[in-house]
Number of protein chains: 4
Amino acid sequence: MASPTRSLRSDAARNRELLLAAAEDEFAERGIEASVADIARRAGVAKGTVFSHFATKEELIAAVVANHIAVLTATAERLLESADAGAALLEFLTVAADRRQQRDLTFLMSISAENSQVVRIRNQLHADIGSLVQRAHECGALRPDVTATDIYLLICAPVHVIENLPGAPSDLWRRYLAIIFDGLRPEGASPLPRPAPNWP
Amino acid sequence: MASPTRSLRSDAARNRELLLAAAEDEFAERGIEASVADIARRAGVAKGTVFSHFATKEELIAAVVANHIAVLTATAERLLESADAGAALLEFLTVAADRRQQRDLTFLMSISAENSQVVRIRNQLHADIGSLVQRAHECGALRPDVTATDIYLLICAPVHVIENLPGAPSDLWRRYLAIIFDGLRPEGASPLPRPAPNWP
Amino acid sequence: MASPTRSLRSDAARNRELLLAAAEDEFAERGIEASVADIARRAGVAKGTVFSHFATKEELIAAVVANHIAVLTATAERLLESADAGAALLEFLTVAADRRQQRDLTFLMSISAENSQVVRIRNQLHADIGSLVQRAHECGALRPDVTATDIYLLICAPVHVIENLPGAPSDLWRRYLAIIFDGLRPEGASPLPRPAPNWP
Amino acid sequence: MASPTRSLRSDAARNRELLLAAAEDEFAERGIEASVADIARRAGVAKGTVFSHFATKEELIAAVVANHIAVLTATAERLLESADAGAALLEFLTVAADRRQQRDLTFLMSISAENSQVVRIRNQLHADIGSLVQRAHECGALRPDVTATDIYLLICAPVHVIENLPGAPSDLWRRYLAIIFDGLRPEGASPLPRPAPNWP
DNA sequence: AATGAATGAGGCTTCATTCAT
DNA sequence: TATGAATGAAGCCTCATTCAT
């Protein structure tokens, strides 16, 4: 009696997950060119099913993006437990870049920047980074003129850098993360030419 | 599309420029979604005219990209005359970021990465950056483990960083360029975790 | 045709048939100039629907051609039952020419010559003609130096002949089929200047 | 003094010939797909020049077709001198088929069927074939129920036959011309099922 | 006459989305 | 909810033809 409803529901939930995973893979491989049809095929469902879960392609993208940010949020929260605040911040940037290198979905971010779910999770991430940054400041591991918003914005930098070098070793971003992290040291920091931006 | 004065044959070159400018604007505003039809409309010519100048949309993109890189090349070459090699390098990165901030066409680069004209001008830019870097090394203004390819790759970083903050002041990139440039100082540089990449 | 319950599937099948019929008509009337848009309009469906049935214009053409050959194959197979092998061969050529006169699609053949479905059905037709020819040989109704491939190639000849006479009576081809059939008699046949071609 | 005018005129005449030759080649190689631009390029002139000689692509096609028929007319007229009227007719059909095999332009005929120049030269050809046929009738080399129009229509048959066999030896048409010619013998001719058509 | 840039209609195809089952 | 056929707007590109030089 209840079971058919339940099994329908869990099938639906499973399809949702399949679709999100397929969309992530497809977007990572094909970029924005990935089509709804391809995603549906990869998830093993019909094209129409995509639209019964996500009213719009944009909505699907937003869900993928939210998923993606959620992983970073979880990472940040885990690292708040860490003893060494400076190392925690470096580790956070490392995990973030590593994840981004494995599946670059940055091009999706701007598309779903307005989406309310994305806004919420993004704010959460920003807040968590705030905690990481505060602790790093407290133990003097980070130049004092750098804010949570700065760190949030710098997340993607190392991976983006190597995008322009086709055939680069996949973890070359570690080199540029090191350079940037050197720029974040308190020692000998030169005054920054512009004030830190406000978080919207 | 009748205008009081029909285009003159000697204006063919002018149409080419109009098209390149229109394409640059349109791509900067609409991203890769910019259509040939929109570009033609913006340039004030018929759709078919685009294809009499550029056989393919890709070819048009390559021309835009090449144009864009050429400006950087010219800047680098001008700065080779400069007395202070460290300041010259910073200025180069500043000009490059400034230009890129005005019109972000990075997403076009990968599309025309193979184009022979683009390859040529890109190699030229890399070589010019090589000269700037060598002079900076010679006067100790740059950490010794950083190469021309590193600098080439870091060009876009500051601008990309602020892409994720809608409504940011347009020259906020200067803040992140300063951070990165601090990371490029020789003083107290930590060893880099990966070797410098080869230029293809 | 089918019950309302199955109507989705059978509507789709019906659309496929409508499209094939419309394509046949349109190609017969306009030649290769017939556009997908015109075909869709004639079938009463949207342009996009054509491509949900046939991935490509070429694929649509191949389906039309295969349909067309299939009728000839069925005719040949029916005539294998006939008692008089010579009359059967003449009848086959008559039916083939008659059909071809109603809708000349020969110009489509070369376009889809490579299509695997077309190749298969074409080989089937050739084999069936082989049986007709063999029986005709056995009862001395056909000059012995003529092969199945010869007959296959001669199918279109009578109709093509009258193509160059606009306003000709529509069954004028019967006159030229008679002349050619006279040339196929065993009596007084002059030696043929070239060997029979191989079937690919 | 007078020479510039003269040389301009003869340049124009030469361009006309170049264009006709280029068009013939291009149409033979590419079929109806041959574009005006390709023809101009092959002739080594600008696209616009094509239209200063032929107001329309159709007009160019008509000129090519007329040229083509003119060769057959000349052949027929030469063969009227021949002693053996039967052999002359066979030779005419052989030359016609050979020429057509080298450059198949049949698909152009229907396009320019109405063109007045083409109509005139076509009538001339028909008349010349009439003389050949009459002489063949007089010496009993041709079945009496066959007319000049029949022969005119049969010209293309042998070549068309082999069109459906890709990779056939290029002179395989001789085999089918022989078969058809056997069908034209007076001996044992069966009555033809339709009256000979009228020439328009 | 010759040139070739410009035109714009029209061709094929893709794809997000809708809808009847 | 799932399905997948149908839709139609939009994209890129081709090409005969026009026109100013």
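These numbers were taken from a predicted model, which means no experiment stands behind them.

**What to know about the overall build of chain A**
And step 1. The number of helices and strands found in chain A is 10 helices and 0 strands.
And step 2. Traced from its N-terminal end to its C-terminal end, chain A shows the element sequence α-α-α-α-α-α-α-α-α-α.
And step 3. Along the first, second and third principal axes, the C-alpha set of chain A runs to 65 × 40 × 30 Å.
And step 4. Counting across all 200 residues of chain A, residues that qualify as buried make up 44%.
And step 5. For chain A, the share of sequence-separated contacts (at least 6 apart) that also reach a separation of at least 24 residues comes to 68%.
And step 6. Carbon together with sulfur atoms contributes 51% to the accessible area of chain A, which is approximately 9,400 Å² in total.
And step 7. Averaging the coordinates of the 21 positive side-chain charges in chain A and doing the same for the 25 negative ones gives two points 5 Å apart.

**Remarks on the interface of chain C and chain D**
And step 1. Taken residue by residue, the interface counts 41 residues in chain C and 41 residues in chain D.
And step 2. Surface buried jointly by chain C and chain D totals about 3,500 Å² across both partners, of which 61% is contributed by carbon and sulfur atoms.
And step 3. On the surface where chain C and chain D come into contact, there are 18 residue pairs in polar contact (both at pLDDT 80 or more).
And step 4. Elements that contribute at least two residues to the side of chain C that touches chain D include exactly helix 6 (106–109), helix 8 (148–154), helix 9 (157–162) and helix 10 (173–183) of chain C.
And step 5. Top element by residues in the side of chain C that touches chain D is helix 10 of chain C. It accounts for 8 residues.
And step 6. Across the side of chain C that touches chain D, the residue classes tally to 23 nonpolar, 8 polar and 10 charged.

**A short note on the relation of the copies chain B and chain A**
And step 1. Least-squares fitting of chain B to chain A yields an RMSD of 0.4 Å, with the superposition described by an axial translation of 0.1 Å and a rotation of 179 degrees. Taken together, the rotation and translation relating the two chain copies correspond to the operation of a two-fold axis. Among all residues of chain B, the minimum C-alpha distance to the rotation axis is found for Gly183(B), at 1.7 Å.
And step 2. The share of interface residues of chain B whose copies in chain A are also at the interface is 98%, consistent with both copies meeting through the same surface.

**Examining the UniProt feature "domain: HTH tetR-type" (unreviewed entry) in chain A**
And step 1. Those places that UniProt annotates as "domain: HTH tetR-type" (unreviewed entry) correspond, in this numbering, to residues 13–72 of chain A.
And step 2. Measuring from the first to the last C-alpha atom of residues 13–72 of chain A gives 23 Å, for a span that is 82% helix and 0% strand.

**Concerning the interface of chain B and chain A**
And step 1. With 41 residues of chain B at the contact, the number on the chain A side is 41 residues.
And step 2. Of the roughly 3,500 Å² buried where chain B meets chain A, counting both sides, 61% is carbon and sulfur surface.
And step 3. The tally of links between chain B and chain A comes to 6 salt bridges.
And step 4. Ionic pairing is found between Arg194(A) and Asp171(B), a salt bridge with its closest N-O pair at 2.7 Å.

**Comments concerning the protein's contact with DNA strand E**
And step 1. In the region of DNA strand E, 34 residues are neighbours, and Asn15(B), Thr49(B), His53(B), Lys57(C) and Asn15(D) sit closest.
And step 2. The sugar-phosphate share of atoms of DNA strand E within 4 Å of the protein amounts to 70%.
And step 3. Thr49(B) is positioned with one of its side-chain polar atoms (N or O) 2.5 Å from a phosphate oxygen of DNA strand E.
And step 4. The contact in question runs from a phosphate oxygen of DNA strand E to an N or O atom on the side chain of Ser52(D), over 3.2 Å.
And step 5. Partitioned by chemical class, the residues of the surface near DNA strand E number 11 nonpolar, 16 polar and 7 charged.

Rules of the game
Residues numbered from 1 in each chain as written. Chains lettered and ligands numbered in written order. Predicted model: local features only at pLDDT ≥ 70, side-chain atom pairs only at ≥ 80, totals over all residues. Heavy atoms only, no water. Helix = DSSP H or I, 4+ residues; strand = E, 2+ residues; numbered from the N terminus. Buried < 20%, exposed > 50% of the residue type's maximum accessible area, 1.4 Å probe, protein only. Contact = heavy atoms within 4.5 Å. Areas by Shrake-Rupley, 256 points an atom, 1.4 Å probe, with all protein chains shown as cover. Lys, Arg positive; Asp, Glu negative; His and termini not counted. Charge placed at Lys NZ, Arg CZ, Asp CG, Glu CD. Buried area = accessible area lost by both parts, 1.4 Å probe. Polar contact = N/O pair within 3.5 Å; in protein donor to acceptor, adjacent residues only side chain to side chain. Nonpolar A, V, L, I, M, F, W, Y, C, P; charged D, E, K, R; others polar. Least-squares fit on C-alpha atoms with pLDDT ≥ 70 in both. UniProt positions renumbered as here; feature names shortened; annotations may be inferred. Salt bridge = Lys/Arg side-chain N within 4 Å of Asp/Glu carboxyl O. Near = heavy atom within 4 Å.

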